[in-house]
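Here are the chains, one letter per residue:
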Amino acid sequence: MKHAGSKLPQPAGWLVVFLFAAGAALADTQPSSAKEWLMAMRQAMQNTNYEALVAYWKDRQVDTFRVLHGVQGENVLERLIALNGPRREVRRSRDQVTCVFPEAGKAVVVKRYEASSLLVNVPGKLDELEPHYEFRLGALERVAERMAQVVIIDARDAYRYDRRYWIAVDSRLPLKYELNDNDGTVLEQMVLLTLQTDKEFDQAHLAMGEDPAGKPMQITEHKPEPANRGEGSDIHFRAMPAGFHPMMDMYDVMGVDKKRVRHVLLSDGFSSVSVYVAEDFGPTSPMPAMRKGSVNSYTRQRDQTLITVLGDVPMRTVREIAYSVDIRRVHDD
Amino acid sequence: MRDDPDELISSLLDNELEPSTALHLMQRAEADQLLQGRLRRYQLVREYLHGRPLPPPRTDFVERIALALKAEPTILAPRRLPGQREVPWKMLALAASLCAVAVSVGYLAQEDRSRKEAAPQLAETGAPTTDADELLVHYLEMHNDLSYSAGTQGSLRYARLVSHAPQ
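Residues numbered from 1 in each chain as written. Chains lettered and ligands numbered in written order. Predicted model: local features only at pLDDT ≥ 70, side-chain atom pairs only at ≥ 80, totals over all residues. Heavy atoms only, no water.

Undergrad: Tell me about the pattern of salt bridges, and name the residues and values.
TA: All names here are of chain A. Scanning all chains against the criterion turns up 18 salt bridges over all chains. With a shortest N-O distance of 2.7 Å, Lys-35 and Asp-127 are connected by a salt bridge. Here Lys-35 is found in helix α2 (residues 34-47), whereas its partner Asp-127 is found in the loop between β6 (106-111) and β7 (133-143), with 92 residues between them in sequence. Here Asp-268 and Arg-160 are joined by a salt bridge, their closest N and O atoms 3.0 Å apart. Taken together, the positions of Asp-268 in the loop between β16 (259-267) and β17 (272-278) and Arg-160 in the loop between β8 (146-155) and β9 (162-168) put the pair 108 residues apart, joining distant regions of the chain. Taken as a pair, Asp-268 and Arg-160 share a single burial class, namely buried. Salt bridges here are not isolated pairs; linked through shared partners, they connect Lys-35, Asp-127, Glu-130 and Arg-156. (Salt bridge = Lys/Arg side-chain N within 4 Å of Asp/Glu carboxyl O. Helix = DSSP H or I, 4+ residues; strand = E, 2+ residues; numbered from the N terminus. Buried < 20%, exposed > 50% of the residue type's maximum accessible area, 1.4 Å probe, protein only.)

This is how it looks when you write it as structure tokens:
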């Protein structure tokens, strides 16, 4: 007696099974939604060794950079070398960033609070951004001789800008990025001209603390001081545009007279906005609203306190944040 | 070669003029008040057409006319003699049209001003001119530094700005 279940597949049947299995395996590895593509890109930017030539356009100016990104054990080293204009370079290790200006013989060391470094910003918790941004997949397009999946992120209100990412289908690295205003005008664009992945970098490639020209460098450290609650003034925000929340609260010194300025950094995940509160500021008549490319700023003066809000967000966002700032002096009782 | 001042001004504003001709035109405008006024008017029209905010018009237009009239010597017009030619209607029509244009331009400028007052003052930043402007440049650098350090901004924006502002 022959059992139906014991029948072995014919060669054609094996082929179908093989194709089905291969398709399923591919589907397993291929991101299926816009947010999955973005997370895959975020991971690739951190974990892949790559060298790229990048053209970056903003404020009617194009800059080109060579970017080297290498992972060595737990440490990630990165170099961004400017290819046009005066020689300069940004080097990043796990927790510090060094900006080198060889012609001036100077280097500035900045502490880094977030260990990851990304060519383009992609927040980690995308689900939390759903109320403010709509994520969807676009077409497959060809960029830098590679196939790219377009991911569209549209702002749900007029308080933030729209974004487009072209993510390489093979490496998941960003091949192109655009920041658009609400009318669709491109405000900022990044395009990879060449990309080499899985490069083996030797130590010399990613060496830190060396001046590329071999000259001695004057190294200064830029160290903002965290603001403590209950000291100086407390800064509160009333009725801010939805989704923005404080990320950091610091004091920074600036100018020849080393004036202390309070600096609160706000973010909605994608867009960041800085709020500056300068006290004991003499009478002035600053232009309240200013624009520089995609950056808008709004300044208002209350008695001797100058409140300035700026960021890569529309004018209405900086204006509303400026009017939501509430400063309460902390008295020493 | 283009000699018509209107054509030259138009080309200058379109960035289509040879540098030497542009320089010559600007030198002429420095000495020639009429040309200067014409240049300014062209610029205003162009700005208006491009939707850029216009500077507020002078509000003392009527007063200035009144003052100018007051400064004029009073001339008693002689009585028209029989057979003397009347003012041609064509001239009156032209004068009326010019008045209408002046009123329209005034209205547009006034309307633009009221729109501008409703909206915040907006300026493109260039080279810092005041302490407040200079402060803004520092703020932009600090914003860039902290946004990158906090991981809310990509490395390219940071690399661009630090590269333009060596400490």
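Having seen the model, we can carry on.
Undergrad: Pulling in residues and values, what's your account of the packing of aromatic side chains?
TA: Residue and element names in this part refer to chain A. Applying the stated criterion to the full structure yields five aromatic pairs over all chains. Aromatic side chains Phe-135 and Phe-270 sit 6.4 Å apart centroid to centroid with 40° between the ring planes, which places their arrangement in the tilted category. In this pair, Phe-135 sits in strand β7 while Phe-270 sits in the loop between β16 and β17, placing the two residues 135 residues apart along the sequence. For the pair shown, Phe-135 and Phe-270 are each scored as buried. Judged by centre distance (5.7 Å) and plane angle (55°), the ring pair of Tyr-298 and Tyr-323 falls under tilted. Of this pair, Tyr-298 sits in strand β19 (residues 295-302) while Tyr-323 sits in helix α3 (residues 315-324); the two residues are 25 residues apart in sequence, bridging distant segments of the chain. (Phe/Tyr/Trp six-rings, centres within 6.5 Å; stacked < 30°, edge-to-face > 60°.)

Undergrad: Pulling in residues and values, what's your account of the side chain of A:Arg300?
TA: Residues and elements named next belong to chain A. In this fold, Arg-300 is placed in strand β19. We note that Arg-300 is buried and unpaired, the nearest opposite charge coming from Asp-326 at a distance of 7.4 Å. Within the local environment of Arg-300, its side chain forms a polar contact with the backbone oxygen of Ala-322, the two atoms lying 2.8 Å apart. A polar side-chain atom of Arg-300 sits 3.4 Å from the main-chain carbonyl oxygen of Val-325. (Lys, Arg positive; Asp, Glu negative; His and termini not counted. Polar contact = N/O pair within 3.5 Å; in protein donor to acceptor, adjacent residues only side chain to side chain.)

Undergrad: Give a description of the nonpolar core that names residues and reports values.
TA: Residues and elements named next belong to chain A. By size, the foremost hydrophobic cluster in this structure holds 52 residues, and its most contacted members are Leu-38, Phe-135, Tyr-165 and Met-190. Among all residues touching Phe-135, those that are not within four sequence positions of it are Ala-34, Lys-35, Leu-38, Leu-126, Leu-129, Glu-130, Ile-152, Ile-153 and Phe-270. Judged by nonpolar contacts, the second largest core, of 19 residues, contains Val-275, Tyr-298, Val-313 and Val-318. (Core = buried A, V, L, I, M, F, W, Y, C linked by side-chain atoms within 4.5 Å. Contact = heavy atoms within 4.5 Å.)

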